[in-house]
Every structure is written in C-alpha cells, then in structure tokens.
Amino acid sequence: MVIGVISDTHGNLAGWQRAWELGLSEAEVIFHCGDLRYHGPKFDPVEGYAPRELASSINRCGKPVLVARGNGDSEVDQLVLDIPIQQPYVFAVIDGMRLLATHGHILSMEELFSLVAKWRIDFLLTGHIHRPVLNKTNGFVHLNPGTVTYPLAKEPELNRRTFAMIRDGRVAIIDIDSGEEVMVQE
C-alpha cells in the first residue's frame, strides 16, 4: 500500500505539482492535513499560488484524497472541490492500518493521543506547524509532512518544503526542492 501525505499547500499549485512528480502520483490514497487553498493573513502568496487551479488539479488527480479541515480552510472552499473537507479529523482503515488525520489546531496533542490509544491508531497525521515531524512512540507513528509552501522550522535542516510517503509501512519525508528523503522511519 502506498499512501501520500501532504499538508499546508495554501493554494500553491507548484508545490502540489512537485510533490505529485516526486511520489503522490504513485499513491493509492492521499491524505491532506489541511490548509489546502488559502494563503492566510500571515503569508504573502508565493510563486505558483493558484488556489482555483490547485482545487482543479486535486479534483482531476484520479486518486482518493481525504482532507482534514485546517484553520485556513472555509466552507466556500468546498464549492470548488469534488471531495469533502472533514472536521475535526479524518479516520480511515486502509489495508488494516488505522490512520487518523487532522490539521492540529482544534484538538490538543493530549486529546489526539487519547484517540490514538482508544482507537488503536497506527498513524497519526497532522499539519499546521509547517515543519516535518516523524516519531514512533507507544506503537504508533506521528507524522507531520510539513508544508510544500511556507516552511517555519527553526532548525535549518528542517526548514524545507516537504511532503511524505508511506510505502508498505516505511515512512519518508521528502524535500520537494531536492527530492531528498530528509526523515525516514522503517
């Protein structure tokens, strides 16, 4: 099973397209952890900012895309998407793996970890912080794919534009500029 994970595209069609080239096109299902279209008041639009075209590209991608609503997503975004934006999280069982995806701005990490334990989650997928996270603890993997648009990590080695791929349980966070795997969990 191949699963793509992306978050915080903020209307960046070019970032989505690069992630598509580097792995999302191989995914059997794609999780988007929120902030899909709007760039938000803190950011200026980046080169490649094309929210309408991004929605169209996602609609045409031919893959199931599961989207958790982010703090930058609104009801009006649903008007141009053929897929539902779900809130506060997306729960799915795929090939026996239990995945919980959320943006990360509504439920606290404590609340999420409680759901992880209660529902025996294998992969907790989050967004919102614009920095990649990959940790395996207490039998589950916490994965934040970072952002393909506005990296905000304080550590220079993590301040990259990234997305993630899960291939048969192996998780890799990939830099969209270099194509390099920057974090891996076997």
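Definitions and cut-offs
Residues numbered from 1 in each chain as written. Predicted model: local features only at pLDDT ≥ 70, side-chain atom pairs only at ≥ 80, totals over all residues. Heavy atoms only, no water. Helix = DSSP H or I, 4+ residues; strand = E, 2+ residues; numbered from the N terminus. Rg over C-alpha atoms; globule rule 2.2 N^0.38 Å. Contact = heavy atoms within 4.5 Å. Areas by Shrake-Rupley, 256 points an atom, 1.4 Å probe, with all protein chains shown as cover. Pairing = 2+ DSSP bridges. Core = buried A, V, L, I, M, F, W, Y, C linked by side-chain atoms within 4.5 Å. Buried < 20%, exposed > 50% of the residue type's maximum accessible area, 1.4 Å probe, protein only. Right-handed = clockwise from strand over helix to strand, strands pointing away.

Undergrad: How should the overall build of the protein chain be read in this particular structure?
TA: A tally of regular secondary structure across the protein chain gives 3 helices and 12 strands. In summary, the protein chain has a C-alpha radius of gyration of 15 Å against a globular reference of 16 Å for 186 residues, a match within 12%. For the C-alpha atoms alone, the extent of the protein chain along its principal axes is close to 40 × 35 × 30 Å. Considering only contacts within the protein chain whose residues lie at least 6 apart along the sequence, 59% involve residues at least 24 apart. Per element, the accessible surface of the protein chain, about 8400 Å² overall, is 49% carbon and sulfur.

Undergrad: It is not clear to me how the pairing of strand β3 (residues 65-68) should be interpreted in this structure. Could you clarify?
TA: The two faces of a sheet get side chains in turn, since along a regular strand they alternate between them. Across 3 bridges, the pairing between strand β2 (residues 29-32) and β3 is parallel. Bridge assignment links phenylalanine 31 to a residue of β3, and that residue is leucine 66.

Undergrad: Just checking my understanding: could you explain the nonpolar core for this structure?
TA: When a protein is soluble and globular, its nonpolar side chains tend to lie buried together. Grouped together as the largest cluster of nonpolar side chains are 25 residues, with contacts concentrated most on Ile6, Trp16, Leu24 and Phe163. Secondary-structure elements contributing two or more residues to this core are β1 (2-6), α1 (13-22), α2 (51-60), β3, β10 (162-167) and β11 (170-175). When sequence neighbours within four positions are dropped, the list of residues in contact with phenylalanine 163 reads Val5, Ile6, Ala19, Leu22, Gly23, Leu24, Pro145, Val148, Ala172, Ile173, Ile174 and Ile176. In this structure, Cys33, Ala68, Val90 and Val141 belong to the second largest nonpolar core, which totals 21 residues.

Undergrad: Whenever I open this one, the side chain of histidine 142 confuses me. Can you help?
TA: Within the secondary structure, histidine 142 is located in strand β9 (residues 140-145). Once residues lying within four places of it in the same chain are set aside, the contact partners of histidine 142 are Met109, Leu124, Thr126, Val133, Leu134 and Asn135.

Undergrad: What exactly am I supposed to notice about the pairing of strand β6 (residues 97-102) here?
TA: Within β6, 5 of the 6 residues are buried, which leaves the element mostly enclosed by the surrounding structure. As paired strands, strand β5 (residues 89-94) and β6 are joined by 6 bridges and run antiparallel to one another. The residue bridging valine 90 from the neighbouring strand is alanine 101, located in β6. As defined by bridge partners, β6 adjoins strand β7 (residues 123-125) across 3 bridges and the pair is classed as parallel. Paired with leucine 100 across the bridge in β7 is leucine 124. At this point the chain moves from β6, through helix α3 (residues 109-119), to the parallel β7, and the crossover so formed is right-handed.

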